[in-house]
Amino acid sequence: MIDYLCHVGPADKPRVEEHSAFSISYVRKGSFGYRSRGESFELVAGSVLVGQRGDEYLCTHDHVYGDECLSFQLAPALVDAIGGEAELWRSRGIPPLPELMVIGELAQAVAEGRTDLDLDEAGLIFAARFVDVASRRKRKGAQARARDRRRAVEAALWIDAHSGDPVDLESAASLVGISSFHFLRLFAEVLGVTPHQYLIRSRLRRAARMLTDGGRSITDVALEVGFGDLSNFVRTFHRAAGVSPRGFRRASRGDRQMFEDRLTRYRIASMGDSREARIAGYIPKTNARINATNHATTVPNGLTTKP
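Since this is a predicted model, take the numbers as computed values, not measurements.

Q: Which residues make up the overall build of the chain, and what are the values?
A: Within the chain, the regular secondary structure consists of 12 helices and 11 strands. Contacts in the chain between residues at least 24 apart in sequence constitute 74% of all its contacts with a sequence separation of at least 6. Entry remark: accessible area of the chain is about 13500 Å², with carbon and sulfur atoms responsible for 48%.

Right under this line is the structure:
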């Protein structure tokens, strides 16, 4: 199981650290602030943290206590093979995006041993999906005041905890004591998505996890996570994952057809023009260039280091 908890809270003093490798980390739970290259980001459940080897960074927990993440470290050769502009791999935070959240939950299920996929495969799938999605997004860090960042994070945690219930804009705005208009603006500015988008993505994240864990029907999953209409759930999930909920469940149980074309392409690229790559089209485990690790490793003083 690779659901590691960071035990740092608001009372702990942050310290400057350095990324030892390229990494992409999926935030499973909690929240933390991230500062690097003069930019600041607030990451909540569903966000992704990109780390570039050699970049210095500072992580803070001004609003909540701790976080839980799944991180994949990538060798430079694999980053080159996956592709994408160099700017894409610079250290930063990425807001909760449905295309990444559902794959993040699949990777988490693999890390916990709840699927028949290989952890290296999950890492390649997640990294490839990241490149596809992030290439289309414009980078933007959080510029809001500290008080507004705290309000946005607190509201996001509340929305995530109540995503299975009816949640409206007025209720979320009332929680942090500001008008609906101001709340909508600051939430999007800090977290990169609107409150409603985050609500839907929280529901998709829960649905992806449920689809990899247990035998509940697709209808039951849709209703439990907060979708009142099955057809709407199926359409929304398919748009995010690129496959239906039923197909996603099959993939989590070992059906590799959903990802095989992409996996083969990146495996061959990562191996180079070797005879094995040309013949087999796969990357042997002994030559794997991706390392799944914890996002937060506890050190003696109670602080944590991130990849």
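Q: Outline helix H9 (residues 230–241), supporting the account with residue identities and numerical values.
A: Look at H9: 16 Å from first C-alpha to last across 12 residues, which is about the 16 Å you get at 1.5 Å a residue. Residues Phe233, Thr236, Phe237, Ala240 and Ala241 constitute the buried set of H9. For H9, the angular spread of the buried residues around the axis is 115°, confining them to a single face. Structurally, H9 contributes buried residues whose contacts are with helix H2 (98–111), helix H3 (119–134), helix H7 (195–211), helix H8 (218–225) and helix H10 (245–252). Phi turns positive, to about 80°, at Gly242, one or two residues after H9.

Q: For unusual backbone geometry, give the residues involved together with the corresponding values.
A: Unusually for a residue other than glycine, Arg37 sits at a positive phi of about 55°. Here Arg37 lies in the loop between strand S3 (22–36) and strand S4 (39–44). A relative accessible area of 39% places Arg37 in the partly exposed class.

Q: I'd like a description of the pairing of strand S6 (residues 56–60), backed by residues and values.
A: Taken across its five residues, S6 has four buried, putting it largely inside the fold. Looking at chain direction, strand S2 (residues 17–18) and S6 are connected through two bridges and run antiparallel. The residue of S6 that forms the bridge with Glu17 is Tyr57. Both S3 and S6 contribute to a ladder of three bridges, which runs antiparallel. Residue Arg35 lies in a different strand from S6, and its bridge partner there is Leu58.

Q: How would you summarise the environment of Pro195 if you had to cite specific residues and measurements?
A: Examined against the element boundaries, Pro195 turns out to sit in helix H7. Given the relative accessible area of 7%, Pro195 is considered buried. Once the C-alpha coordinates of Pro195 and Ile159 are considered, the two residues, 36 residues apart in sequence, prove to be 8.0 Å apart. Excluding its chain neighbours within four sequence positions, the residues that come into contact with Pro195 are Ile159, Leu169, Phe183, Leu184 and Phe187.

Q: An account of the nonpolar core is needed here, citing residue identities and associated values.
A: Membership of the largest hydrophobic core comes to 50 residues, with the highest contact counts inside it found for Ile24, Leu74, Trp89, Val102, Phe130, Phe237 and Phe248. Among the elements that take part in this core, H3 stands out by supplying nine residues, more than any other. Every residue in contact with Phe130, bar those within four places of it in the chain, is listed here: Ile24, Val50, Leu88, Trp89, Arg92, Ile94, Leu100 and Ser135.

Q: Got a sec to walk through the environment of Ala109? Specific residues and values, please.
A: Among the secondary structure elements, Ala109 is positioned in helix H2. Classification of Ala109 by relative accessible area gives buried; the value is 0%. Remark: the alpha-carbon pair of Ala109 and Arg209, spanning 100 residues in sequence, is separated by 7.3 Å. Beyond its immediate sequence surroundings of up to four residues, Ala109 is in contact with Arg114, Thr115 and Thr212.

Q: Report on the packing of aromatic side chains, specifying residues and quantitative values.
A: This structure, assessed with the given rule, holds nine aromatic pairs. Geometrically, the ring pair formed by Trp89 and Phe130 is edge-to-face, given 5.1 Å between the ring centres and 65° between the ring planes. One end of the pair, Trp89, is in the loop between helix H1 (76–82) and strand S8 (92–94); the other, Phe130, is in helix H3, with 41 residues separating them in the sequence. Between Phe233 and Phe237 the ring centres are 5.8 Å apart and the planes differ by 50°, which places this aromatic pair in the tilted class. Of this pair, Phe233 and Phe237 both sit in helix H9, four residues apart, which is roughly one turn of that helix. Classification of Phe233 as buried rests on a relative accessible area of 0%. Here the aromatic residues Phe227, Phe233, Phe237 and Phe248 are joined through ring pairs into a cluster of three or more.

Parameters and conventions
Residues numbered from 1 in each chain as written. Predicted model: local features only at pLDDT ≥ 70, side-chain atom pairs only at ≥ 80, totals over all residues. Heavy atoms only, no water. Helix = DSSP H or I, 4+ residues; strand = E, 2+ residues; numbered from the N terminus. Contact = heavy atoms within 4.5 Å. Areas by Shrake-Rupley, 256 points an atom, 1.4 Å probe, with all protein chains shown as cover. Expected span 1.5 Å × (residues − 1). Buried < 20%, exposed > 50% of the residue type's maximum accessible area, 1.4 Å probe, protein only. Arc of directions from axis to C-beta. Pairing = 2+ DSSP bridges. Core = buried A, V, L, I, M, F, W, Y, C linked by side-chain atoms within 4.5 Å. Phe/Tyr/Trp six-rings, centres within 6.5 Å; stacked < 30°, edge-to-face > 60°.

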